[in-house]
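Commentary on secondary and tertiary structure
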Amino acid sequence: MVKTIEGYHVPVLLQPSIDGLNIRPGGVYVDATFGGGGHSRELLSRLDSTAHLYSFDQDADAEKNVFQLETGGQQRFIDDPRFTFVRSNFRYLRNWMRYYGVEGIDGLLADLGVSSHHFDDESRGFSFRFDAPLDMRMNKREGKTAADIVNTYAEEALAKVFYLYGELKNSRRLAAALVAARTTKPIATTQDFLHVVEPFFKREREKKDLACLFQALRIEVNHEMEALSDMLLAAIDCLKPGGRLCVITYHSLEDRMVKNIMKTGNIAGERQVDFYGRMETPLKLVNNKVIVPDSDEQRENSRSRSAKLRIAEKK
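Parameters and conventions
Residues numbered from 1 in each chain as written. Predicted model: local features only at pLDDT ≥ 70, side-chain atom pairs only at ≥ 80, totals over all residues. Heavy atoms only, no water. UniProt positions renumbered as here; feature names shortened; annotations may be inferred. Buried < 20%, exposed > 50% of the residue type's maximum accessible area, 1.4 Å probe, protein only. Helix = DSSP H or I, 4+ residues; strand = E, 2+ residues; numbered from the N terminus. Pairing = 2+ DSSP bridges. Patch = residues over 30% accessible without salt bridge, like charges linked within 9 Å, V, L, I, M, F, W, Y side chains within 5 Å. Areas by Shrake-Rupley, 256 points an atom, 1.4 Å probe, with all protein chains shown as cover. Salt bridge = Lys/Arg side-chain N within 4 Å of Asp/Glu carboxyl O. Lys, Arg positive; Asp, Glu negative; His and termini not counted. Charge placed at Lys NZ, Arg CZ, Asp CG, Glu CD. Axes fitted to C-alpha atoms, helices over the stretch in contact; angles between N-to-C directions. Polar contact = N/O pair within 3.5 Å; in protein donor to acceptor, adjacent residues only side chain to side chain.

The name given to the protein chain in an unreviewed UniProt entry is Ribosomal RNA small subunit methyltransferase H, and the organism recorded there is Segatella oulorum F0390. On record in UniProt, under Sequence similarities (unreviewed entry), the comment for the protein chain is "Belongs to the methyltransferase superfamily. RsmH family." The heading Subcellular location (unreviewed entry) in the UniProt record of the protein chain holds the text "Cytoplasm".

Turning our eyes to something else, we now look at the pairing of strand E7 (residues 239–249). Among the 11 residues that make up E7, 9 are buried, leaving the element largely enclosed by the rest of the structure. Alignment of strand E6 (residues 105–111) against E7, held across 6 bridges, turns out to be parallel. Considered in E7, the bridge of Leu109 is made with Cys246. Relative to strand E9 (residues 308–314), E7 is paired through 6 bridges, and the arrangement is antiparallel. Within E9, the position partnered with Arg244 by the bridge is Glu313.

With that settled, the discussion passes to a positive patch on the surface. A cluster of basic side chains, namely Arg256, Lys259, Lys263 and Lys308, defines a positive patch on the protein surface. The element best represented in the positive patch is helix H13 (residues 252–264), accounting for 3 residues.

Looking now at the sheet that holds strand E1 (residues 28–31). Strands sit in the order E5-E2-E1-E6-E7-E9-E8 across an open sheet of 7 strands; the sheet is mixed. Lying at the two open borders of the sheet, with one neighbouring strand each, are strand E5 (83–86) and strand E8 (283–285). Direction aside, the axes of adjacent strands within the sheet are offset by 20 degrees on average. Two strands pair when backbone bridges link them, and E1 and E6 are joined in this way by 3 bridges, in the parallel orientation.

Once that is clear, we can look at the side chain of Asp209. The residue Asp209 is located in helix H11 (residues 206–222) in this model. Within the structure, Asp209 has its side chain in polar contact with the side chain of Arg205 (distance 2.8 Å).

What follows is the structure, encoded as structure tokens:
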């Protein structure tokens, strides 16, 4: 059975994020995280015939969502001359806009993190619920797998990944145990990995801590923080004056980076002031307080429970 877009991923904060773009019907927009296409389709529904939407995703599974094979031929989910799918990491936003001859965009939406599809796909290694190859790559065409990292990183480097990206206090003990275990046999699957690390987590916090550990590995595999930094800085360059940047985050690391960029224009959150002491920043906040899903959405979509939407406008 071929999965539909709806079965692939349920878009989070759909209406607030699209509303936050303050759509100009004839504008040029970017959906930096196509996924199941829910945000893209809603965005297209608000654009006129002169507009254009560029949707990015590096995952081949997401690209398949543009098409669905059905009996009797091929049906395109988004068959629209105003739509261009870009099979690429969103960190290359600036290069692709230059390639397509786009001088400026009116808005960019990014729904960060991992789609529900990735957690539910037993073959991708994103979840500790299944025994699968320890992969975790968003783009399966290139890069190191999670297994490569676990089996080749030095103990200190592993501990750093677990501490910085998983915020785990026992990161050094986890790294030491993995380095010791891999001398006996390579750690190739999620179950191999769990067999080594599970004794280090208390039963009452096991699922939460394992989620943090898997998150840390996933972030390292996909260079997520570096890619996010590149994309946010490129978005500032590409946005027209008055253009909107809407970003949905799911964990504190990415949310801190987005907040810093929107408030100060730089990743570190350092205030830049002019001669008169006035803060210089390319963006202005649209919502000082983050927007979160309402109780109905949180009940219907568990992924939305940690979601935060931040919106800024180019000065």
